[in-house]
Amino acid sequence: MNLSILLEKIYQKLLSIKTKERSEHIILWIALVSFIIHLLMIGLIHFNVITINEPSNLLKNPIAAIYTPFSFILVYEVYLLIYYLPKSTSIYISKQYEIIALVIIRRLFKDLSDLSISSNWFNIKNDLQFTYDLVASVLLFYLIYLFHVQRTKVYRTIENSKNHYSSITKFINAKKWIAISLVPILLIIAIYSFVSWSTGLFQPHDADAISFKNINNIFFEQFFNILIIADVILLLFSFFHTDEFHKVIRNSGFIISTILIRLSFSVSGIINNILIVSAVLFGLSILFIHNKFEKKLAEESKDTNEIED
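Rules behind the numbers
Residues numbered from 1 in each chain as written. Predicted model: local features only at pLDDT ≥ 70, side-chain atom pairs only at ≥ 80, totals over all residues. Heavy atoms only, no water. Helix = DSSP H or I, 4+ residues; strand = E, 2+ residues; numbered from the N terminus. Buried < 20%, exposed > 50% of the residue type's maximum accessible area, 1.4 Å probe, protein only. Contact = heavy atoms within 4.5 Å. Areas by Shrake-Rupley, 256 points an atom, 1.4 Å probe, with all protein chains shown as cover. Core = buried A, V, L, I, M, F, W, Y, C linked by side-chain atoms within 4.5 Å. Polar contact = N/O pair within 3.5 Å; in protein donor to acceptor, adjacent residues only side chain to side chain. Axes fitted to C-alpha atoms, helices over the stretch in contact; angles between N-to-C directions. Parallel < 35°, antiparallel > 145°, perpendicular 65-115°, else oblique. Nonpolar A, V, L, I, M, F, W, Y, C, P; charged D, E, K, R; others polar. Salt bridge = Lys/Arg side-chain N within 4 Å of Asp/Glu carboxyl O. Left-handed = near helix turned anticlockwise from the far one by under 90°. Phe/Tyr/Trp six-rings, centres within 6.5 Å; stacked < 30°, edge-to-face > 60°. Lys NZ or Arg CZ within 6 Å of the ring centre and 35° of its normal. Patch = residues over 30% accessible without salt bridge, like charges linked within 9 Å, V, L, I, M, F, W, Y side chains within 5 Å. Expected span 1.5 Å × (residues − 1).

**Student:** An account of the overall build of the chain is needed here, citing residue identities and associated values.
**Tutor:** Along the backbone of the chain there are 9 helices and 0 strands. For the chain, the α and β elements follow one another from N to C terminus as α-α-α-α-α-α-α-α-α. Every one of the 309 residues in the chain was classed for burial, and the buried ones make up 42%. If you take every contact in the chain between residues at least 6 apart in sequence, the share linking residues at least 24 apart comes to 75%. Accessible area of the chain: about 17,400 Å², with a carbon and sulfur share of 66%.

Structure representation (structure tokens):
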């Protein structure tokens, strides 16, 4: 079987519009059911029907139950990130930013369940974290909006030469292979993380259970490690497509942005928020300057064509 035909068949199975829509419906139902189950467990623990020693306090307050369906929705957002990878690098990066922003929003639901409303607000760790997350989520929302504005700007027309078309096709096929590879990795990490956390929850002294430093890092810390590798591979493949300085800088800058997001999982408190906001701000700055390059080159190309005419 021709390799390109095989690629297209696998791609349509895993990342077609139909698969995306089916996955969305499944995830939404799982999110709804998980929310009800989480509420039931909180109720059973409250009335002393069952006893679970859960260190992250997700089973003590009904507000925290929102955390569970949000986690499944975030997994679907990661699938969307993979879905958009072959279509547009800038959309793929913006999905990374949207995911980390949603991770902070999800953390806010957990923070709400731990709030201690008192006059000592700025002396209580959980209340401080809630404040940091509130400010960071608003900043990220605005920065992602600006990123969206910048990524929709197009200044140069696509060349119609056969070599250029062939180069683009090869680059898109490379991105499709990377996307196809990421789908099973996403499923494996998601299942592994969930099983490991569940084992630690119900059998806290089990030697095989994995202890997570921060429940908010489960799955995403591991997946962003994979994304860094995928981004580096994308950068290397992009050299076959273009060697233009501003595009190389843009793609390299996006990798640095992803690394900063990954580093944010290693720290907590305000440093975590600063790293995340810095990552998005850096990516936005890189894209803004890249677009300035594109605009200048488009103007120069137009002037050259007018002189030739």
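**Student:** If you had to explain the nonpolar core to someone new, which residues and values would you point to?
**Tutor:** Judged by nonpolar contacts, the single largest core of 52 residues is most densely connected at Leu-15, Ile-82 and Phe-220. Residue assignment for this core shows that the elements contributing at least two residues are α1 (3-15), α3 (67-84), α4 (89-113), α5 (125-151), α6 (162-202), α7 (220-241), α8 (245-264) and α9 (270-308). Counting residues per element, this core draws most heavily on α3, which supplies 9 residues. If sequence neighbours within four positions are ignored, Phe-220 has contacts with Leu-74, Val-78, Ile-99, Val-103, Arg-106 and Phe-265.

**Student:** Please provide a residue-by-residue account of the side chain of Ser-137, values included.
**Tutor:** Looking at where Ser-137 falls in the secondary structure, it is placed in helix α5. Look at Ser-137 and you get buried, because its relative accessible area is 11%. A polar contact is formed between the side chain of Ser-137 and the backbone oxygen of Leu-134, at a distance of 2.7 Å. Beyond its immediate stretch of four places on either side in the chain, Ser-137 contacts Ile-104, Ile-105 and Leu-108.

**Student:** Residues and numbers for the packing of α3 against α4, please.
**Tutor:** Contact pair α3 / α4: the axes reach a minimum separation of 9 Å and the direction vectors enclose 175°. Regarding the angle of α3 to α4, the classification is roughly antiparallel. In contact with Tyr-67, Phe-70, Ser-71, Leu-74, Glu-77, Val-78, Leu-80, Leu-81 and Tyr-84 of α3, α4 contributes Ile-91, Tyr-92, Lys-95, Gln-96, Glu-98, Ile-99, Leu-102, Val-103, Ile-105, Arg-106, Phe-109 and Lys-110. Residue classes in the contact of α3 with α4 are distributed as 14 nonpolar, 2 polar and 5 charged.

**Student:** A description of the side chain of Arg-262 should follow, citing residues and the corresponding values.
**Tutor:** With respect to the secondary-structure elements, Arg-262 resides in helix α8. Apart from residues no more than four positions distant in its own chain, Arg-262 is found in contact with Glu-221, Phe-224, Asn-225 and Ile-228.

**Student:** How would you sum up the pattern of salt bridges? Please name residues and give values.
**Tutor:** Under the defined criterion, the tally for this structure stands at 6 salt bridges. Linking Lys-95 and Glu-77 is a salt bridge whose minimum nitrogen-to-oxygen distance equals 3.0 Å. With a gap of 18 residues between them, Lys-95 in helix α4 and Glu-77 in helix α3 connect regions that are remote in the sequence. For Lys-95, a relative accessible area of 8% gives the class buried.

**Student:** Give a description of the packing of α4 against α7 that names residues and reports values.
**Tutor:** Axis separation between α4 and α7 bottoms out at 13 Å; the angle between their running directions is 170°. Overall, the two elements α4 and α7 adopt an arrangement that is roughly antiparallel. α4 and α7 meet at a crossing whose hand is left-handed. Contacts from Tyr-92, Gln-96, Ile-99, Val-103 and Arg-106 of α4 reach α7 at Phe-220, Phe-224, Leu-227, Ala-230, Asp-231 and Leu-234. Along the lines of polarity and charge, the residues of the contact of α4 with α7 split into 8 nonpolar, 1 polar and 2 charged.

**Student:** Could you give me a rundown of the packing of aromatic side chains, with the residues and numbers involved?
**Tutor:** Applying the stated criterion to the full structure yields 10 aromatic pairs. Measuring from centroid to centroid gives 6.1 Å for Phe-147 and Phe-254, while their planes differ by 55°, and the two rings are tilted. Here Phe-147 is found in helix α5, whereas its partner Phe-254 is found in helix α8, with 107 residues between them in sequence. When its relative accessible area of 0% is taken as the criterion, Phe-147 is described as buried. Look at Phe-219 and Phe-220: their rings are 5.0 Å apart centre to centre, the planes differ by 80°, and that puts the pair in the edge-to-face class. Among the aromatic residues, ring-to-ring pairing joins Tyr-97, Phe-147 and Phe-254 into one connected group. Over the ring of Tyr-83 we find Lys-20, and its NZ or CZ is 5.5 Å from the ring centre. Lys-176 extends its terminal NZ or CZ atom over the ring of Tyr-11, reaching a point 4.7 Å from the ring centre.

**Student:** Account for a nonpolar patch on the surface, with residues named and values stated.
**Tutor:** A surface patch of nonpolar side chains, about 610 Å² in accessible area, is lined by Trp-29, Leu-32, Val-33, Ile-36, Ile-37 and Leu-40. Within the secondary structure layout, Ile-36 lies in helix α2 (residues 17-46). Look at Ile-36 and you get partly exposed, because its relative accessible area is 45%.

**Student:** Describe α3, and please don't skip the residues or the numbers.
**Tutor:** Between its first and last C-alpha atoms α3 spans 26 Å; for 18 residues at 1.5 Å apiece the expected length is 26 Å, and the two agree. In terms of burial, α3 is largely enclosed, as 14 of its 18 residues are buried.

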